[in-house]
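# Chains, contacts and geometry: an overview
Each chain, letter by letter, is given below.
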Amino acid sequence: MNLKHRIVSIAVCAVMLSAGLAIGQTPPPADAQAAPSAETPPPAKGEPAADTPAPPADAQAAPPPPAPDAPPPELKTLDQEVQGLKKDVVDLNKDLFVLQEELLFPANTQVALYISMDVGTFFALDSVTVKIDNKEVKNYLYTAREADALLKGGVQQIYLGNLKVGKHELVAFFTGKGPVERDYKRGATINFDKGVGAKYLELKITDRVPKHQPEFMIKDWE
Amino acid sequence: MRRAVLAGGLILGLAIGTASLAAAPSIVGRAAPDFVLRGLDGRNLRLSEFRGQVVLVNFWSRSDGDSRQQMPALDRINITYQRAGLVVIGVSVDEDLRRSKEFAAAMSVSYPILFDTGTAIGKDYYLQKMPMTILVDRSGVVRYTAVGFRRGDERVYLDHIRELLRE
């Protein structure tokens, strides 16, 4: 199925779901509510019929028919339907998000840049500036909470963009506090080939223990 | 004839004034645009990290007399209400970062002062005149904005703050 078909089908689904939700949230008509109470409840599955032989023991253990005050089964199923529709709406939102990503950042031009930190004894991250082909594409300031999340093993997608197929250069500048609380600024560069598929790069900040210095690397995830 | 021209001019002026007032955009009722800025102490603060608390954001300029008057009043509000869940953030919009930092240090207020030397945040918040005060509720929605400052305005702020803190 191509992209156009998917968009159309999702839009149709959205309309149907919203219509279904609207129906599900309106109370049922009065006659529909009154009908079950006027009638006797349907017999349980295991209830013996007059002309049938005695049922097996497990059939006798079946639950008794619902009391007349209990909500009719139609309402229960309606509620379940509404819940199901709500779940569908959530799923649809997810699909739309994925579709938006596919439209804005198609795989043949997509470049995604991630950042991770390991240990962080010798470096406290303050900001990262990213340049691709000498053009600044991202400047990100980190709060203490965000830096802490990276130290705990979090990986952040710092940039998502589009690039033509071919050779490119990415330069990342890291600023923060280095060893002995000194202002620290370092850069890392990578030359990479953008192919027809999506390109994933990772900025890695690690501790170089023997030298008591942080190390900045850019990894190309093939 | 002259009276007719004068009357026409007056009506035109009024119409233009009314139109410009009506066109003045407002962010009240909208989600507060997020920002992250460096503070006087070197730490970075992000507005969205205060979700769940009532936030008063005060955009100020060193060259503005009203801003100078307002800061001590906001400091008193911060000292009194921070334990109740209020966060006060001052944002300097001065281009001269060094002098702005000197001024902020001299004011020695108890709340964090951030420095914005760009223009993006000003556009997001439709900053027109300094100081501008914004109240953001616990869910991150702008609930009140005030432009300028006069003595006694802090009482209006307090009424709104108490209301938001009770929610």
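Relevant structure appears above.
Residues numbered from 1 in each chain as written. Chains lettered and ligands numbered in written order. Predicted model: local features only at pLDDT ≥ 70, side-chain atom pairs only at ≥ 80, totals over all residues.

Right, let's get into the overall build of chain B. Counting secondary structure elements, chain B contains 5 helices and 7 strands. The helix and strand sequence of chain B, counted from the amino end, reads α-β-β-β-α-β-α-β-α-β-β-α. Here chain B, with 167 residues, has 29% of them falling under the buried criterion. Intrachain contacts of chain B at a sequence separation of at least 6 include 68% that bridge at least 24 residues. (Helix = DSSP H or I, 4+ residues; strand = E, 2+ residues; numbered from the N terminus. Buried ≥ 20, exposed ≤ 12 C-beta atoms within 10 Å, placed from the backbone. Contact = placed C-beta atoms within 7 Å.)

To continue, consider the interface of chain B and chain A. Interfaces are often sized by the accessible area lost when the parts come together. Contacts between chain B and chain A engage 7 residues on the former and 6 residues on the latter. Where the side of chain B that touches chain A is concerned, the elements lending two or more residues are β1 (36-39) and β2 (44-46) of chain B. Among the elements that make up the side of chain B that touches chain A, the one with the highest residue count is β2 of chain B (3 residues). The residue makeup of the side of chain B that touches chain A, split by class, is 2 nonpolar, 1 polar and 4 charged. (Nonpolar A, V, L, I, M, F, W, Y, C, P; charged D, E, K, R; others polar.)

In this section: the environment of W221 of chain A. All names here are of chain A. Structurally, the position occupied by W221 is in strand β8 (residues 213-221). Taking C-alpha positions, W221 is 5.3 Å from Y200, a pair spaced 21 residues apart along the chain. Apart from the residues within four sequence positions on either side, W221 is in contact with Y200, L201 and E202.

Residue and element names in this part refer to chain B. A sheet is described by the order of its strands in space; here 7 strands give the open sequence β2-β1-β5-β4-β3-β6-β7, paired in mixed fashion. Each end of this open sheet is capped by a strand with a single partner; those strands are β2 and β7 (142-147). Going across the sheet, the axis of each strand differs from the next one's by a mean of 30°, ignoring polarity. Direction of pairing for β1 relative to strand β5 (residues 113-115): antiparallel, over a ladder of 2 bridges. Bridge pairing links R38 to F115 in β5. (Pairing = 2+ DSSP bridges. Axes fitted to C-alpha atoms, helices over the stretch in contact; angles between N-to-C directions.)

Before going further, it helps to examine the pairing of strand β3 (residues 54-60) of chain B. Regular strands have side chains that alternate between both faces of the sheet. Residues and elements named next belong to chain B. Counting buried positions along β3 yields 7 of 7 residues, so the element is predominantly enclosed. Residue alternation in β3 divides its side chains into two sets, V54, L56, N58 and W60 and V55, V57 and F59, and both sets are buried. Taken together, β3, helix α2 (residues 65-81) and strand β4 (residues 86-92) form a β-α-β motif whose crossover is right-handed. Bridge count between β3 and strand β6 (residues 132-136): 5 bridges; the pairing is antiparallel. (Right-handed = clockwise from strand over helix to strand, strands pointing away.)

This brings us to the environment of R46 of chain B. Its location among the elements puts R46 of chain B in strand β2. For the pair formed by R46 of chain B and D34 of chain B, sequence separation is 12 residues and the distance between their alpha carbons is 7.1 Å. Leaving out residues up to four positions away in the same chain, R46 of chain B has contacts with T143 of chain A together with D34 and V36 of chain B.

The peptide bond linking M130 of chain B to P131 of chain B adopts the cis configuration, its omega dihedral lying at -10°. Checked against the element boundaries, P131 of chain B lands in the loop between α4 (120-124) and β6. The residue N134 of chain A is not glycine, and still its phi comes out positive at about 65°. Within the secondary structure, N134 of chain A sits in the loop between β2 (124-132) and β3 (135-141). Here the phi dihedral of Y126 of chain B falls at roughly 50°; this positive angle occurs in a residue that is not glycine. Counting through the fold element by element, Y126 of chain B comes out in the loop between α4 and β6. Exposure remark for Y126 of chain B: the 13 C-beta atoms within 10 Å place this residue in the partly exposed category.

Now for the packing of α2 of chain B against helix α5 (residues 153-166) of chain B. A pair of packed helices is captured by two measures, namely the crossing angle of their axes and the spacing between those axes. Residue and element names in this part refer to chain B. Two numbers describe how α2 lies on α5: the axes approach to 11 Å, and their chain directions differ by 30°. Between α2 and α5, the crossing angle belongs to the class labelled roughly parallel. Seen along the crossing, α2 lies across α5 with a hand that is right-handed. Taken together, the residues of α5 that come into contact with α2 (itself represented by A73, I77 and Y81) are E154, Y157, L158 and I161. For the contact of α2 with α5, the residue count by class is 6 nonpolar, no polar and 1 charged. (Parallel < 35°, antiparallel > 145°, perpendicular 65-115°, else oblique. Left-handed = near helix turned anticlockwise from the far one by under 90°.)

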